[in-house]
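Spelled out, the chains give:
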Amino acid sequence: MLTYKIKVSEKEGIFDAVGHGALKDIQDLGIQGVRQVHFALLYYINGDVNQAQITRIAEELLIDKITQEYAISEGRGTRDERRVVEIAYNQGVMDPVEESVLKAISDMGINGVISVRTAKQYYLEGEFSEDTAKIISEKLLYNKVIQHVANRGTKDEGRGAKDEADYKFKLITVDLLSASDKKLREISKQGQLFLNLSEMRQIKNYFKSLGRNPTDCELETIAQTWSEHCRHKTFRGKIEYREVTTSQGHKVTSSKKIINNLLKSTIMKVTKELNKHWCVSVFKDNAGIIKFNDNYNICFKVETHNHPSALEPFGGANTGIGGVIRDPLGTGLGAKPIFNTDVFCFGMPDYPQGKLPQGVLHPKRVAKGVVAGVKDYGNKMGIPTVNGAVLFDEGYLANPLVYCGTAGIIPKDKCFKKVNKGDLIVVVGGRTGRDGIHGATFSSGELTHESEQASSGAVQIGNPITEKKILDTLMQARDKNLYRAITDCGAGGLSSAIGEMGEESGARVDLEKAPLKYHGLSYAEIWISEAQERMVLAVPKEKREKLLALFASENVEATVIGEFTGTKRLELFYQGNKVSDVEMKFLHNGLPQITKKAIWKQPRFKEPDFDCPQDLTDNLKKILSHYNVASKEWIIRQYDHEVQGGSVLKPLVGVSNDGPSDAAIVKPLLASSKGVIVSCGINFKFGLIDPYQMAASSIDEALRQIIAVGGSLKEVALLDNFCWGNPDKPDRLGSLVRAALACYKTAKGFGIPFISGKDSFYNEYSVNGKSKSIPGTLLISAIAVMDDVSKAVSMDIKKSGDLIYIVGDTYPELGGSYYFDTLGFIGNNVPKVNVKRAKALMDALSKATNRGFVRAAHDCSEGGIAVALAEMAFAGGLGLEVFLGEVPYKTRDEGRGTKDEGRKTKNAARNDFVLFSESNSRFIVEVEKSKQKEFEKAMQGVSFGLIGCVSGGRNLKAYGLDGRPCVEADIYDLKEAWQKPLRWG
Amino acid sequence: MKPRALVLRTAGTNCDKETAFAFSEAGAECAFVHINELKNKTQRLSEYHILVLSGGFSYGDDIAAGKILANELKYALGNELKAFIKSGKLIIGICNGFQILAKAGLLPGNDTLEQEVTLTINDSAKFEDRWVYVRGMRDEGRETKCVWTKGLPEVVYLPVAHGEGKFMSKDKALLQQLESNGQIVLRYCDEKGETAGYPANPNGSENDIAGICDITGRIFGLMPHPERHSFGWQHPRWTREGLRKTGDGLQIFRNGVEYAKKYL
């Protein structure tokens, strides 16, 4: 048996894209001295093959004859060049290309190959020290969570995982019965169970009543089932809530409010009370389902994958999108994914390297890795990524947020599942390995600088092609009625999937039957592994052969590993030995009810006090260049946003296909005129001042984007995704409660139900025992059914001579605005939502658009009117002239006291406030002159103003309240200011 | 009778549905056939008129885009493919399909199925989804020999979405030969049909090559996606330029169907 090394590199004179990219990143890092980087891919091929066969493999398979060359050596060989860095995957980490290379070799009729591992080789040219080479490797070339530098002389050959000794069964029990409280805490901590003392005591009592200690497997199962990640203890528990607000300079403490189950009393309550007939399945399944047409429904789910992305951005985001795609697949009897969304929050991309806390990756590296991870998985799955947002703030430095969403289409008679007694448990897809152990519990704790070592097993790499094969096969199996229920293996692996499916009936599993990636896994590891790309089916016995044959015909592994029993117990065996036997009732309902304290103290930020500058052009440019406002084209283009052919309104629109669309419209059925609109609202800055207004504003934002593209509020559903800090800390929980209360009030007022959601807590990072939380961040995603996609409008200005309107009132609401941000302030007067008026206004505008009176519409959000006008102008390539005096501007309103404002900014009607206020429920609308009367009639009863016209040419000009120009700029300069910051090459 | 198109599927194929939709709109009858079905002979290539290799990431594009499926086609179905081509039938490869045809040696095509051209990593070193203009051969003063590109407007607007689309030939002589044979049937250009650099040529292809055909004109490969502009509402600017019923790409599918109806 021999290991051959085949080195594949570009021929002389051929562009070395990877090497070139690495060099750019090195220079970005500020490192001097490296002149050039040469990249090569190494294949280590192990097996019974001769030299001639290896040559054939190299020549006919591994190289592209036109551009590449190869070199073969036996064994790893000695390294003579000091500056060669070779990066290989760690033991137990799946090599993403191994399976397909093995397949291709056997296609060639060569059968002796046993394993293929790959490694990356970088040859650095230039004058620099050994230390610099080390820094480059660590900062850029590899991530120790999944990879290592294959050092000279080490004999790891990359095939270690395969050589691991077989596992010998030994039942492990954990001594709880004799454990003191201190010991219980220790057991929880050492086992990474993340269970608190009262939970540990409950488990101890249960096993006391059984007269025995739990096995490791039982304890793990309970910990995972009871984890915050799976159980949503915070949202479903009991909360004591108080508010401390300031009124006329005095602190007012509200009385204590007891909330039993925050989820049921806010988010789910909206849906229940609205009771929409088109809500098909809500809060029950892996995704919420609404009606699409007479034959099909649509489902939608958004998840987060924050902790893994902090440690391994590519793998974390990769498996994040892979995981959320399995949600529609596991909804009802399986939905076909129709689009993905993604929203990211990162630290500032220009954060100084030297100031990074220990163990924290640089935000730019995180951002690039996350984008690459989403791109890789989404594109390879053939699902268009059509909508999203990217935000940067120092608060996300150690805890990036990665929200991934997937919607699917499902025949209406396939929306429900039922497990019957006697159904077989079949696991399909990828094999089980040691990857992703403890993911569910890991995400239920805070990150520290040790997380990358302690929890490295929690980070996984995805294999999108395996998941694509599952999708292709599953849709056929579904339509042939070959199974009765399905769910995905997500956090908690088989434990979670089978535990959930078997809740009513009970389940028996023979763990040794699960197909493994390599030997050596214990029964407990098999049970809790979170290896990716696996689904669990409940298959009627008589369908067994058909189902297995179908999966085999598409080269997807499917294995019967047990049965749903009817005993109402979870019974696990390994080679005939019982390793778990607990009641489903205890597993699912045994969790002790906990009470958490929550308090929200209204913060007080410095109120700026300055005169309004006469010329605001530079202020506008600064806001356009803010990372959070700037064009995200660099990211968007790397996603295939048009695969499946149903893209009606793309994320980039306008005369040069580069303006920021408000929402995306997708046709899930190409032959139908119906479409689905997707949008999102997120604004953590408002939450710094008041989480209530953040939540209300986010809902308003998501809805107004739907209206802006020509949708209506008739059939819209919302998803909530709360990313917060540690909910055991009363201040963190207090702001969460306040945001959830707003979700109820606002969504109810709009008449828009929530259909699903998810929370992610413990987004905190501790250094030296001091813990820092992310800003509480709520993402609202909205999905709407559109009857006729030909009514869609885009935000780009269309024609010279058209009229420009603003719809909605503007208030001096600059708190949390980007105008204040660029001046170094936060402020206090945060935008609010008058739901009743907002709804009337959106309904009116929607009708006007539907009747064809609207040429373009864009919602006012970050940067207010000014940014909306600028974006519309440069997207359309046409100049505008507007008069701020025509903007309906209100300095006072019920409940909108401005008494807290600074002296000069008090009650002021000022050009800067009119231009940059981020008041909600506003749109800029372009109307053809000949439609003026009809449009204005349609908008009767709603606040609007005719503020200007499309002047053509290249200028954006705004006349201030005094009639003098306050903004005058070339729209292409504005566009450059907007495009430059995130043009990452 | 409707011409029968075989839309080939394997792990990672993903533009099959919309490509079949466009073909059906153009009048073909499409069947989705997994490569295993051809290998185990439950399906026979010879019973179809058109072989369609759609876009996607066959086998994850591991090793290089399209390489593993190209390898599989060559070794497992080489003879069937040769017979299919010999009998005068049609093949179209879009995006990943073009990469497969090139790497299997079916384009530009020779008897030994030796690879002579490639589609390699974009000069921008990244995957990009963007709309491009491509022009046919009309401006060169000659009628195209390619079955698939007849009657196209002078400049055609289609999206590309790939990371490995840079066309390269093994040498200058071959490139010259392709030029003089009239096998280069689509070239990236600007909206006026003029040669322009990046991003008009989105990947750095030699001679702005976006699509080529074999010597017979019946095997056609292109990087842009005609199925993504077969209908007016797929156009990125229909909201400003007006909604047309069909898109530029549909003609390509119609050409295939018409040819099959007439000659096969």
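Residues numbered from 1 in each chain as written. Chains lettered and ligands numbered in written order. Predicted model: local features only at pLDDT ≥ 70, side-chain atom pairs only at ≥ 80, totals over all residues. Heavy atoms only, no water.

Quick notes on the packing of helix α23 (residues 617–624) of chain A against helix α33 (residues 971–979) of chain A
For clarity, the cut-off: Fitted lines through C-alpha atoms serve as axes, helices being fitted only where they are in contact, and the angles separating the N-to-C directions of these axes extend from 0 to 180 degrees. Where helices and strands are cited, they refer to DSSP runs of H or I of at least four residues and of E of at least two residues respectively, numbered from the N terminus. Only heavy atoms enter the contact rule, under which two residues are in contact if any of them lie within 4.5 Å.
The interhelical angle for the contact between α23 of chain A and α33 of chain A, taken along N-to-C directions, is 35 degrees, at an axis separation of 7 Å. Contacts between α23 of chain A and α33 of chain A involve L620, K621 and L624 of chain A on the former and, on the latter, D973, L974, A977 and W978 of chain A.

Notes on the interface of chain A and chain B
Quick note on the threshold: A quick way to say it: buried area is the sum, across both parts, of accessible area lost when two parts are put together, with a 1.4 Å probe. We count a salt bridge whenever a side-chain nitrogen from Lys or Arg sits within 4 Å of a carboxyl oxygen from Asp or Glu. For the purposes of these results, a polar contact is taken to be a pair of N or O atoms within 3.5 Å, where, inside protein, one atom must be able to donate a hydrogen and its partner to accept one; residues adjacent in sequence count only when each atom of the pair is a side-chain atom.
Contacts between the two partners involve 66 residues from chain A, matched on the other side by 54 residues from chain B. Carbon and sulfur atoms make up 55% of the area that chain A and chain B hide from each other, which totals about 4,900 Å². Broken down residue by residue, the surface that chain A buries against chain B is led by I66, R637 and E642 of chain A, which jointly contribute 13%. Here chain A and chain B share 7 salt bridges between them. Among the ionic pairs, E72 of chain B bridges to K103 of chain A, the shortest N-O distance being 2.9 Å. At the junction of chain A and chain B, the tally comes to 31 residue pairs in polar contact (both at pLDDT 80 or more). Contributions of two or more residues to the side of chain A that touches chain B are made by α2 (51–62), α3 (98–107), α15 (363–381), α18 (464–479), β25 (647–649) and α30 (864–876) of chain A.

Considering the sheet that holds strand β34 (residues 777–786) of chain A
Residue and element names in this part refer to chain A. Threshold: A pair of strands counts as paired when DSSP detects no fewer than two bridges linking them.
If you walk across this open sheet you meet the 6 strands as β25-β28-β29-β34-β30-β31, and the pairing is mixed. Each having just a single partner strand, β25 and β31 (754–760) make up the two edges of the open sheet. Ignoring strand direction, the axes of neighbouring strands in this sheet form an average angle of 20 degrees. For strand β29 (residues 675–682) and β34, the ladder comprises 8 bridges, and the chain directions are antiparallel. The residue bridging G681 from the neighbouring strand is I780, located in β34. Docked against the sheet, helix α26 (residues 691–708) engages β29, β30 (716–723), β31 and β34, running at close to 150 degrees with respect to β29.

Considerations on α30 of chain A
Residues and elements named next belong to chain A. What counts is decided by this rule: Helix span, expected: 1.5 Å multiplied by one less than the number of residues in the helix. Exposure categories follow from relative accessible area, calculated using a 1.4 Å probe and restricted to protein chains: below 20% of the type maximum is buried, above 50% is exposed, and the middle band is partly exposed.
Between its terminal C-alpha atoms α30 stretches 19 Å, which fits the 18 Å expected from 13 residues at 1.5 Å a residue. Among the 13 residues of α30, 13 are classified as buried, and the element is accordingly described as predominantly covered. Residue G877 follows α30 closely and has a positive phi angle near 70 degrees.

Side note on the state of the cysteines
Let me state the cut-off plainly: Cysteine sulfur atoms that pair up within 2.5 Å are treated as a disulfide.
For the structure shown, the criterion picks out 0 disulfides over all chains. C723 of chain A provides the cysteine sulfur closest to C345 of chain A, a residue in no disulfide bond, and the two sulfurs are 7.5 Å apart.

Thoughts on empty space enclosed by the protein
Residue and element names in this part refer to chain A. Operational definition: Every definition here rests on a 1 Å grid over the protein atoms only: cavities are sets of points where a 1.4 Å probe fits but cannot get out, pockets are open sets enclosed by protein on both sides within 12 Å along at least five of seven lines, and lining residues have some atom within 4 Å of a point. Grid points are joined across faces, edges and corners, and a volume is the space filled by probe spheres set on the points.
Evaluation of the coordinates by the stated rule reveals 12 cavities of 30 Å³ or more. Of the voids in this model, the largest cavity is the one considered here, and its volume is about 740 Å³. Lining the largest cavity are 37 residues, with G388, A389, K632, P660 and S661 positioned closest to its centre. Looking at the lining of the largest cavity, the elements that each hand over two or more residues are β14 (385–392), α24 (633–636), β29, α26, β36 (856–859) and α30. A per-element tally of the lining of the largest cavity places β14 first, with 7 residues.

So, the sheet that holds strand β5 (residues 113–126) of chain A
Residues and elements named next belong to chain A. Judged by pairing direction, the sheet is antiparallel, and its 6 strands sit side by side in the order β3-β1-β2-β5-β4-β6 without closing on themselves. Edge strands, defined here as strands with exactly one partner in the open sheet, are β3 (68–74) and β6 (147–149). Ignoring which end each strand starts from, the neighbouring axes of this sheet average 25 degrees apart. Direction of pairing for strand β1 (residues 2–10) relative to β3: antiparallel, over a ladder of 7 bridges. Along β3, the bridge assignment pairs I6 with I72. Across the sheet, helix α1 (residues 17–28) is in contact with β2 (34–47) and β5; its angle to β2 comes to roughly 130 degrees. Sheet strands in contact with α2 are β1, β2, β3 and β5, and its direction is about 155 degrees off that of β3.

Side note on the side chain of S495 of chain A
Among the structural elements, S495 of chain A can be located in helix α19 (residues 493–501). Leaving out residues up to four positions away in the same chain, S495 of chain A has contacts with T221, Q224, W527 and I528 of chain A.

Concerning the pattern of salt bridges
Taken as a whole and assessed by the stated rule, the structure comprises 70 salt bridges over all chains. The closest approach of N and O atoms between E241 of chain B and R237 of chain B, which form a salt bridge, is 2.6 Å. For R237 of chain B, a relative accessible area of 7% translates into the label buried. Each of the salt bridges in this network shares a partner with another, and the network as a whole consists of K103 and D107 of chain A together with K39 and E72 of chain B.

Comments concerning unusual backbone geometry
Cis geometry is adopted by the peptide bond preceding P108 of chain B, which originates at L107 of chain B and carries an omega value of -5 degrees. One non-glycine residue, Y762 of chain A, adopts positive backbone phi at about 60 degrees. Relative to the assigned elements, Y762 of chain A resides in the loop between β31 and β32 (764–767). On the basis of relative accessibility, which here comes to 10%, the residue Y762 of chain A falls in the buried class.

Concerning the packing of aromatic side chains
Residue and element names in this part refer to chain A. Heads up, the rule is: Pairing of aromatic rings covers Phe, Tyr and Trp, the last through its six-membered ring, and needs centres within 6.5 Å; plane angles under 30 degrees mean stacked, over 60 mean edge-to-face, and all others mean tilted. When the NZ atom of lysine or the CZ atom of arginine is within 6 Å of a ring's centre and also within 35 degrees of its normal, the charge is said to sit over that ring.
For the structure on display, the rule yields 35 aromatic pairs over all chains. Residues Y206 and F207 carry aromatic rings whose centres are separated by 5.2 Å and whose planes lie at 85 degrees to one another, so their mutual orientation is edge-to-face. In this structure, Y206 and F207 share a single accessibility class: buried. Taking the centre distance of 5.8 Å and the plane angle of 65 degrees together, the rings of F300 and F339 count as edge-to-face. Residue F300 is found in strand β12 (residues 296–304), and its partner F339 is found in strand β13 (residues 336–346); the two are separated by 39 residues along the sequence. As far as the burial class goes, F300 and F339 line up, both buried. Members of the aromatic cluster, each reached through a chain of ring pairs, are F610, Y819, F820, F825, F913 and F916. It is R910 that lies over the ring of F610; its NZ or CZ is 4.9 Å from the centre.

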